[in-house]
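Results of the structural survey
One letter stands for each residue in the lines below.
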Amino acid sequence: MCSELKNNENVIDIQSLTFKYGTRTVLDNINLQVKKGAFLGLVGPNGSGKSTLLKCILGLLQPSSGNIKLFGKSSHKFKDWDKIGFVSQKANSFNTGFPATVYEVVSMGLFGKVGLFRFLTKQHKEKVKEAIELVGLSEYMKQNIGELSGGQQQRVFIARALVSDPELIILDEPTVGVDIHSVNNFYAMLSQLNQMGITLLLVTHDVSGMTNHVNAVACLNRHLHFHGNTKDFQENHKLSAFHGQEVHLLVHNHSTRGGE
Ligand SMILES: Nc1ncnc2c1ncn2[C@@H]1O[C@H](COP(=O)(O)OP(=O)(O)OP(=O)(O)O)[C@@H](O)[C@H]1O
């Protein structure tokens, strides 16, 4: 699926990035590299600049200074947006009362490639089914999305991102509103996608939930305070320095089924 970049190459390369809203600096000299195959958790307190950083990466905001490269290309010259899937908070991304089946919602992920109101080919239809299967929702294919649980709905949005064969998926707080049992399964599914070679950047407040699944963590609070592997992240002194108080991580080694 993801063959163009070698394993040690950067999917995202952020160099000396500063972003200001007016005169207020909310991102200050950020340097962050996300390697191909990484599953990076980006954490930080409210207002620390996480969404702003994502918007800069996605080309929705222009940095005040610094550079962002996506797949080795400057973000302002980057055109292969098909390579990047984006899954936002469920509540912000979709009106779940919308009368559409799981199959229809996932098909929408192909509109960028196929065009709106064009017919899907047999291969496209197979692709949609494959994506739904990958997120474990085959039996819900014909069900209305509004009838699914929060965790299942988020899986639908992942499948919608997967149909265009992205090499990187960026997730902004995808577990907000998802019950605790479904969250574990949701992370396990993300790990599976990562093992298939998809690079993942997960923005979350759920520090304890994600720690067992991601393979690297970045801590943002206007500055990048830490970027490294989960083992180092779990050392309390790093977290203390970051949050200004002692933080205890809950690390769950079991996976709980149910709740979906
Ligand atoms: N459009 C805007 N205009 C001015 N200031 C903004 C704007 N959007 C965000 N901010 C401010 O920039 C700072 C960073 O916001 P941002 O939304 O990036 O943080 P965040 O880490 O994603 O927060 P949260 O976890 O609460 O979603 C905050 O102080 C916020 O108030």
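The protein is annotated in an unreviewed UniProt entry as Metal ABC transporter ATP-binding protein from Anaerobacillus alkaliphilus. The UniProt entry for the protein carries this comment under Sequence similarities (unreviewed entry): "Belongs to the ABC transporter superfamily."

1. Details of the overall build of the protein
Within the protein, the regular secondary structure consists of 10 helices and 10 strands. A burial count over the protein gives 37% of its 260 residues as buried. Long-range contacts, defined as pairs at least 24 residues apart, comprise 70% of the intrachain contacts of the protein with a sequence gap of at least 6.

2. Thoughts on the sheet that holds strand β6 (residues 84-87)
Taking strand neighbours across the sheet as the criterion, the 6 strands line up as β6-β7-β8-β3-β9-β10 in an open arrangement whose pairing is mixed. At either margin of the open sheet sits one strand with a lone partner, and together these are β6 and β10 (223-228). Neighbour to neighbour, the strand axes of the sheet diverge by 15° on average, direction disregarded. As judged from the 4 bridges shared by strand β3 (residues 39-43) and strand β9 (residues 216-221), these two strands associate in the parallel manner. Paired with Leu42 across the strands is Ala218, a residue of β9. Across the face of the sheet, helix α1 (residues 50-57) comes into contact with β3, β7 (168-172), β8 (199-203) and β9 while running at roughly 150° to β7.

3. Focus on the packing of helix α6 (residues 150-162) against helix α7 (residues 180-195)
Where α6 contacts α7, the axes come no closer than 9 Å and their chain directions differ by 20°. Classed by the angle they form, the pair α6 and α7 counts as roughly parallel. Crossing of α6 against α7: the hand is right-handed. Note on element contacts: α7 touches α6 through Ser182, Asn185, Phe186 and Met189, opposite Gly150, Gly151, Gln154 and Arg155.

4. Brief notes about the pairing of strand β4 (residues 65-70)
Each regular strand shows side chains that alternate between the opposite faces of the sheet. Sheet topology places strand β1 (residues 10-21) next to β4; 5 bridges connect them, and they run antiparallel. Paired with Gln15 across the two strands is Asn67, which belongs to β4. Here β4 runs beside strand β5 (residues 73-74); their pairing, made up of 2 bridges, is antiparallel. In the strand pairing of β5, Lys69 is matched with Ser74. As consecutive antiparallel partners, β4 and β5 are separated by 2 residues, and within that stretch Phe71 has a phi angle of approximately 50°, a positive value.

5. Looking at the site of the ligand
In the vicinity of the ligand, the residues found are Tyr21, Val26, Gly44, Asn46, Gly47, Ser48, Gly49, Lys50, Ser51 and Thr52. Classifying every residue of the shell around the ligand by side-chain character gives 2 nonpolar, 7 polar and 1 charged.

6. A few points about the nonpolar core
Membership of the largest hydrophobic core comes to 62 residues, with the highest contact counts inside it found for Leu40, Val106, Ala159, Leu200 and Leu202. Considering each element in turn, this core owes the most residues, 6 residues, to α6.

7. Concerning unusual backbone geometry
The phi torsion at Ser16 lies on the positive side, around 45°, for a residue other than glycine. Note on placement: Ser16 falls in strand β1. For Ser16, a count of 12 C-beta atoms within 10 Å corresponds to the exposed category. Despite not being glycine, Asn29 shows a phi value in the positive range, around 50°. Considering the arrangement of structural elements, one finds Asn29 in strand β2 (residues 24-35).

8. Quick look at α6
Each α-helix turn comprises 3.6 residues. Residues three or four places apart therefore point the same way. Between its first and last C-alpha atoms α6 spans 19 Å; for 13 residues at 1.5 Å apiece the expected length is 18 Å, and the two agree. Counting buried positions along α6 gives 13 out of 13 residues, so the element sits mostly inside the fold.

9. Details of the environment of Leu42
Tracing the backbone through its elements, the reader meets Leu42 in strand β3. When the 27 C-beta atoms within 10 Å are taken as the criterion, Leu42 is described as buried. When the C-alpha atoms of Leu42 and Leu110 are compared, they prove to be 28 Å apart, with 68 residues separating the residues in sequence. Leaving out residues up to four positions away in the same chain, Leu42 has contacts with Lys50, Leu201, Leu202, Val203, Ala218 and Leu220.

Each value, and the rule that gives it
Residues numbered from 1 in each chain as written. Predicted model: local features only at pLDDT ≥ 70, side-chain atom pairs only at ≥ 80, totals over all residues. UniProt positions renumbered as here; feature names shortened; annotations may be inferred. Helix = DSSP H or I, 4+ residues; strand = E, 2+ residues; numbered from the N terminus. Buried ≥ 20, exposed ≤ 12 C-beta atoms within 10 Å, placed from the backbone. Contact = placed C-beta atoms within 7 Å. Pairing = 2+ DSSP bridges. Axes fitted to C-alpha atoms, helices over the stretch in contact; angles between N-to-C directions. Parallel < 35°, antiparallel > 145°, perpendicular 65-115°, else oblique. Left-handed = near helix turned anticlockwise from the far one by under 90°. Near = placed C-beta within 6 Å. Nonpolar A, V, L, I, M, F, W, Y, C, P; charged D, E, K, R; others polar. Core = buried A, V, L, I, M, F, W, Y, C linked by C-beta atoms within 7 Å. Expected span 1.5 Å × (residues − 1).

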